[in-house]
Amino acid sequence: MSLSRPALVLAIALAALVALSASLGASRLRPWDVLSADEGVRAVAGLVLWEIRAPRTLLAIAAGASLGLSGAVLQGLTRNPLADPGIVGVSSLAALGAVLAFHFGLWSPAAGGIAGGLAAGALLVALAGRSAGTLTLVLAGVALSSLAVALTSLALNLAPSPMAAFEIMFWLMGSVADRSWSHVALALPLAAIGWVLLMSTGRGLAALSLGEDVAASLGIDLARLRLLAVAGTALSVGACVAVAGSIGFVGLVVPHLLRGLVAQDPRRLLPASALGGACLLLAADIAVRLAPTGAELKLGVATALVGAPFFLWQVLRLRGAA
Amino acid sequence: MTTLRWVDATSTRGGARILDAVALEARPGEVLGIVGPNGAGKTTLLRCAAGLEPLSSGTILVGGTPLASLPARARARLVSFLPQQAEAAWPMRVADAVALGRLPHDATRDAARDGEAIARALDAVGMAGAASRALPSLSGGERALVLLARALAVEAHVLLLDEPCAALDPGRQLAAMDLFRRVAAQGRVVCVVLHDLGLAARHCDRVALLHRGRLATLGVPDEALDDAALAQAYGIRAVRMRVEGQALLAPWERLGAGASREMRP
């Protein structure tokens, strides 16, 4: 697949952000310290870069790409520019899974999160498989999401100690700090399968630009398209929420910003949104590392702080146009 | 000579028979008008032939091949459908919207042929000059023409059009009917749902009048739309004239109290 120009620019930006991300952290080590003449510095630099900054950078990219890509797919599927991965309930159920794992101390939160995401995926796929319409899927997602949020609050309510509640809340805010290669190994394979499913929806989403009847008459199997979209979202977003917590607004904002730059074509929007999501989340993660707040600002808080006003502005703009 | 045939086509939804054993043949080279009151089953007739809904019983044949046996993409290359209402979800360019009609052909990756088909379709509806404009900048009628061009760009053998003239001004309605005649003259099958009985009487080779899911009458416009048929299906009387040897028909008045179709202020 040849990359469109916006995608190319985003790929270059992402490379620059990766270099920046590798250079910034709690210690003043820089990437080139691995070539230092001092054997001690060399060893520490290698350790910091490889064990701390690399997994963090990789997870920020994976989570951002998953959110951006699934946001673009779900906006295309619902033909609604205000859709995001949250509307199908995957994020909330993955978060609930992680919180329950915390609460009962069963598995790691990450494994619980993945179980939650897959459960959401299985439910939605079962629904989509029974040829439920897109609206039904979204409504089911909203119901699923509300239930998951309520159960998450219940877990907080019944937390064994204030410290445990605190820990859960902190986890829910979303972060890629202090993640290890084991997190990457857990999340990345599932996310990658999800990306493959999501990327295969481009042709169908393009046809959907003119409505479900036109798409179906052009030979698009709508049930299969819905299946790919929800399964891909469940795998990629579920895996990323499981290791990075809930991160809002990336999936909403990124496709929105890029749609005009790719001539409104969903086929070109998908790779651009994946790259754009990765750029935005990595940039946000670099920003929280640099922000002069006492405790490190949580990534989900940072993206919501920027995203919520943007969302409001978009809603007002759309309402104004109508 | 590949015809499109509905054979005992029956479609039920929630216990109601939307189509009731319709037997109808659309022939290459002719413009077949499909008329009938609201809820008569016109749209369902087209949707079933476009593969958007399965029939409850009966079959639809394209040149002897059951439509349902064709793979979706092959069916999409053979049958093109223009829905009654369609809005673009995004503010796309006109040419990009029309280009979606080439999706069923994208396995061949013949960009030159696609480009020609898109240009031909835009030219046919008189929107070639607007190719690079954004859809929201067009009027409702112009958008309807772009969507018609999208359906033409498929260059399918069978063209199913659900009220293509509803949003058009009189000049463009006549231009559209002329266009359908030219498309049919290429040996293709053209089925057009129309509400305007005058347009149907003047521009269709044959007319199928649907009433309550059944094929009430079928034939040349004068026969299919005779007084008895209009009285039964619509509860109306029409005035008729002949102009330059062609039928002109205009709905004139409702018959009797028309109790069930009465509108109260």
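Cut-offs used in this document
Residues numbered from 1 in each chain as written. Chains lettered and ligands numbered in written order. Predicted model: local features only at pLDDT ≥ 70, side-chain atom pairs only at ≥ 80, totals over all residues. Helix = DSSP H or I, 4+ residues; strand = E, 2+ residues; numbered from the N terminus. Rg over C-alpha atoms; globule rule 2.2 N^0.38 Å. Buried ≥ 20, exposed ≤ 12 C-beta atoms within 10 Å, placed from the backbone. Contact = placed C-beta atoms within 7 Å. Axes fitted to C-alpha atoms, helices over the stretch in contact; angles between N-to-C directions. Parallel < 35°, antiparallel > 145°, perpendicular 65-115°, else oblique. Nonpolar A, V, L, I, M, F, W, Y, C, P; charged D, E, K, R; others polar. Pairing = 2+ DSSP bridges. Core = buried A, V, L, I, M, F, W, Y, C linked by C-beta atoms within 7 Å. pLDDT = per-residue confidence, 0-100.

Student: Break down the overall build of chain A for me, with residues and values.
Tutor: Tallying secondary structure elements over chain A gives 13 helices and 0 strands in all. The order of α-helices and β-strands along chain A, N terminus first, is α-α-α-α-α-α-α-α-α-α-α-α-α. In terms of C-alpha radius of gyration, chain A reaches 20 Å, essentially the compact-globule figure of 20 Å for 322 residues. Judged by the C-alpha coordinates and their principal axes, chain A covers about 70 × 50 × 40 Å. When burial is assessed residue by residue, chain A has 52% of its 322 residues classed as buried. By sequence separation, contacts in chain A at least 24 residues apart represent 77% of the contacts at least 6 residues apart.

Student: Would you mind going over the packing of helix α4 (residues 109-129) of chain A against helix α10 (residues 222-244) of chain A in detail, with residue names and values included?
Tutor: Geometry of a packed helix pair, given as the angle between the helix axes and the separation of the axes. Residues and elements named next belong to chain A. It is the contact of α4 with α10, at a shortest axis distance of 8 Å, that shows an interaxial angle of 170°. Between α4 and α10, the angle is such that the two are roughly antiparallel. Its residues assigned to classes, the contact of α4 with α10 shows 18 nonpolar, 6 polar and 1 charged.

Student: Explain unusual backbone geometry to me, using residue names and the numbers behind them.
Tutor: Residues and elements named next belong to chain A. Phi at Asp-178 takes a positive value of approximately 55°, unusual for a residue other than glycine. Among the structural elements, Asp-178 can be located in the loop between α6 (162-172) and α7 (181-199). A positive phi is found at Ala-263, a non-glycine position, where the angle reads about 55°. For Ala-263, the position within the fold is in the loop between α11 (250-259) and α12 (266-290). Classification of Ala-263 as partly exposed rests on a count of 17 C-beta atoms within 10 Å.

Student: I'd like a rundown of the environment of Pro-6 of chain A, residues and numbers included.
Tutor: Residues and elements named next belong to chain A. Topologically, Pro-6 is positioned in helix α1 (residues 5-23). We classify Pro-6 as partly exposed; it has 19 C-beta atoms within 10 Å. Separated by 266 residues in the primary sequence, Pro-6 and Ala-272 have C-alpha atoms spaced 6.7 Å apart. Ignoring any residue separated from it by four or fewer positions in sequence, one finds Pro-6 in contact with Leu-258, Leu-261, Val-262 and Ala-272.

Student: Residue-level account of the sheet that holds strand β4 (residues 57-62) of chain B, with values.
Tutor: All names here are of chain B. Read across the open sheet, the 4 strands follow the order β2-β1-β4-β5; overall the sheet is antiparallel. Only two strands of the sheet have a single neighbouring strand rather than two, namely β2 (16-26) and β5 (65-66). Sheet analysis places strand β1 (residues 4-13) next to β2, joined by 7 bridges and oriented antiparallel. For Leu-4, the partnering residue across the bridge sits in β2 and is Ala-26. Strands in contact with helix α1 (residues 42-49) are β1, β2 and β4; relative to β1, the strand with the most contacts, it is inclined by about 115°.

Student: Outline the environment of His-256 of chain A, supporting the account with residue identities and numerical values.
Tutor: Residues and elements named next belong to chain A. By secondary structure assignment, the location of His-256 is in helix α11. We classify His-256 as buried; it has 20 C-beta atoms within 10 Å. Taking C-alpha positions, His-256 is 14 Å from Pro-271, a pair spaced 15 residues apart along the chain. When neighbours within four sequence positions are excluded, His-256 is seen to be in contact with Pro-81 and Gln-314.

Student: Which residues make up the nonpolar core, and what are the values?
Tutor: In this structure, Ala-63 and Cys-240 of chain A together with Ala-49, Val-98, Ala-149, Leu-160 and Cys-191 of chain B are the most contacted members of the largest nonpolar core, which totals 188 residues. In terms of residues, this core owes the most to one element, α10 of chain A, which gives 16 residues. In contact with Leu-160 of chain B, not counting residues within four places along its chain, are Leu-46, Ala-49, Ala-50, Val-79, Ser-80, Phe-81 and Cys-191 of chain B.

Student: How would you summarise the confidence of the model for chain A if you had to cite specific residues and measurements?
Tutor: Residue-level pLDDT values for chain A average 87, and 96% of them are 70 or greater. Predicted confidence in chain A is weakest over helix α13 (residues 299-321) of chain A, with a mean pLDDT of 77, and strongest over helix α8 (residues 202-208) of chain A, with 96.

Student: Mind laying out the sheet that holds strand β9 (residues 206-211) of chain B, listing which residues take part and the relevant values?
Tutor: All names here are of chain B. Taken in spatial order, the 6 strands line up as β6-β7-β8-β3-β9-β10 in an open sheet, and their pairing is mixed. Pairing within the sheet leaves two strands with one partner each, and these edge strands are β6 (79-82) and β10 (214-219). Strand after strand, the sheet turns through a mean of 15° between neighbouring axes, direction not considered. As judged from the 5 bridges shared by β9 and β10, these two strands associate in the antiparallel manner. Across the sheet, the residue bridging to Leu-210 is Leu-215, located in β10. Along the sheet, helix α5 (residues 140-153) makes contact with β6 and β7 (158-162), crossing β6 at roughly 170°.

Student: Can you explain the interface of chain B and chain A? Please cite residues and give values.
Tutor: Of the residues lining the interface, 23 residues belong to chain B; the matching set on chain A comes to 18 residues. At the level of secondary structure, the elements contributing two or more residues to the side of chain B that touches chain A comprise α2 (72-78), β6 and α3 (94-99) of chain B. Among the elements that make up the side of chain B that touches chain A, the one with the highest residue count is α2 of chain B (4 residues).

Student: Residue-level account of α11 of chain A, with values.
Tutor: By the criterion of burial, α11 of chain A is predominantly enclosed, with 9 of the 10 residues buried. The set of residues buried in α11 of chain A consists of Val-250, Gly-251, Leu-252, Val-253, Val-254, Pro-255, His-256, Leu-258 and Arg-259 of chain A.

Student: Explain the environment of Ala-201 of chain B residue by residue, including any values.
Tutor: All names here are of chain B. With respect to the helices, strands and loops of the structure, Ala-201 is situated in helix α7 (residues 197-203). Distance from Ala-201 to Val-94, taken between C-alpha atoms, is 32 Å for residues 107 residues apart in sequence. If near-sequence neighbours (up to four positions away) are discounted, Ala-201 is found in contact with Pro-221, Leu-225, Ala-247, Leu-248 and Leu-249.

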